[in-house]
Amino acid sequence: MPQVESIKKGSELVFRKPESEDGSEIWKLIRRCKPLDENSMYCNLLQCDHFGDTCVLVEREGEVVGWISGYIAPSEPDTFFVWQVAVSPDARGLGLGKRMLRHLVQRDVAEDCTKLKTTITKSNEASWALFRSFARSMGGELTDEAHFHEEDHFDGHASTEHMVTITFPEEARAAA
């Protein structure tokens, strides 16, 4: 069931699980959110179709303005992994990234998750700010370490990605 939040009089944000028909609009949103890595439209379609329970799409007046793709890996059933966060340039400043993260960890599918992980390059200041703020708001501890290395994993074509881990205190999970 979609969750609706008012942002100002007459304007609402609708938080919902994506459907396969949303794939192309998500792909278009990501293209507008430089410097995000662009996946194929087919990848975004599969995220919607196969991982909808762990992804969130946000609409404002029928337009897709927010997206988080994520999953819970079978090898780490206590960890929610965030693959990508996209907020439309015209929806920035609303705290939408943090609101989407909170929405996801409150879903029933994440009830056994005690950690959230993502990867971030050192230069991505916006992502660092988002995940630090989210960790603080949840009372969680944020740690990071180099994980996917520029030379070893990306053949020098992309910067090293740091694995960021937010460990939730038990009381924060119960309150979420």
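Everything here concerns the structure above.
Residue numbering note: each chain is counted from 1, following its sequence as written. Local features in a predicted model are, by the rule used here, given only for residues with pLDDT of at least 70; side-chain atom pairs are given and counted only at 80 or more, and totals for whole chains, interfaces and linings are based on all residues. To obtain the side-chain values, all non-hydrogen atoms of the structure were included, while hydrogens and water were left out.

Novice: What's the story with the overall build of the chain in this structure? I'm lost.
Specialist: Runs of H or I in DSSP of at least four residues are treated as helices and runs of E of at least two as strands, each being numbered from the N terminus. Along its length, the chain carries six helices and eight strands. Counted from the first residue to the last, the chain has its helices and strands arranged as β-β-α-α-β-β-β-α-β-α-β-α-β-α. Categorising residues by exposure relies on relative accessible area from a 1.4 Å probe, with only protein chains included: less than 20% of the type maximum marks a residue as buried, more than 50% marks it as exposed, and the intermediate range marks it as partly exposed. Burial analysis of the chain (176 residues in total) assigns 41% to the buried set.

Novice: Mind showing me how you'd approach the pattern of salt bridges here?
Specialist: A pair can form between side chains of opposite charge whenever their charged atoms are brought close. Definition used for salt bridges: Asp or Glu carboxyl oxygen within 4 Å of a side-chain nitrogen of Lys or Arg. One pass over the structure, following the stated rule, counts 11 salt bridges. One salt bridge connects Asp78 with Lys115, and the closest N-O pair in it is separated by 3.7 Å. Separated by 37 residues along the polypeptide, Asp78 in the loop between strand E4 (63–71) and strand E5 (79–87) and Lys115 in strand E6 (residues 115–121) bring together distant segments of the chain. A salt bridge links Lys122 to Asp144; the shortest N-O distance between them is 3.4 Å. Here Asp144 lies in strand E7 (residues 141–148) and Lys122 lies in the loop between E6 and helix H4 (125–138), a separation of 22 residues in the sequence.

Novice: Before we go on, may I ask you to explain helix H1 (residues 23–32) in this structure?
Specialist: Since the α-helix packs 3.6 residues into each turn, any two residues three or four apart lie on the same face. For H1, the full list of buried residues reads Gly23, Ile26, Leu29 and Ile30. For H1, the arc enclosing every buried residue in end-on projection is 120°, short of the 170-degree limit, so these residues lie on one face. Should any heavy atoms of two residues lie within 4.5 Å, those residues are counted as being in contact. Packed against the buried residues of H1 are helix H2 (41–51), strand E3 (56–60), E4 and E5. Read the arc as the range of directions from the helix axis to the C-beta atoms.

Novice: Looking at this structure, how should I read the nonpolar core?
Specialist: For soluble globular proteins, the rule of thumb is that nonpolar side chains tend to be buried together. The criterion is simple. A nonpolar core is a set of buried Ala, Val, Leu, Ile, Met, Phe, Trp, Tyr and Cys residues joined through side-chain atoms within 4.5 Å. Counting 29 residues, the largest nonpolar core has Leu96, Met100, Leu116 and Phe131 as the members making the most contacts within it. At the level of secondary structure, the elements contributing two or more residues to this core comprise strand E2 (11–16), E3, E4, E5, helix H3 (96–105), E6, H4 and strand E8 (161–167). Ranked by residues supplied to this core, first place goes to H4 with six residues. Residues within four places of Met100 in sequence aside, it is in contact with Phe15, Val56, Val58, Gly66, Trp67, Ile68, Val85, Ala86 and Val87. Counting residues in hydrophobic clusters, the runner-up holds 10 residues, among them Cys48, Cys55, Leu57 and Ala86.

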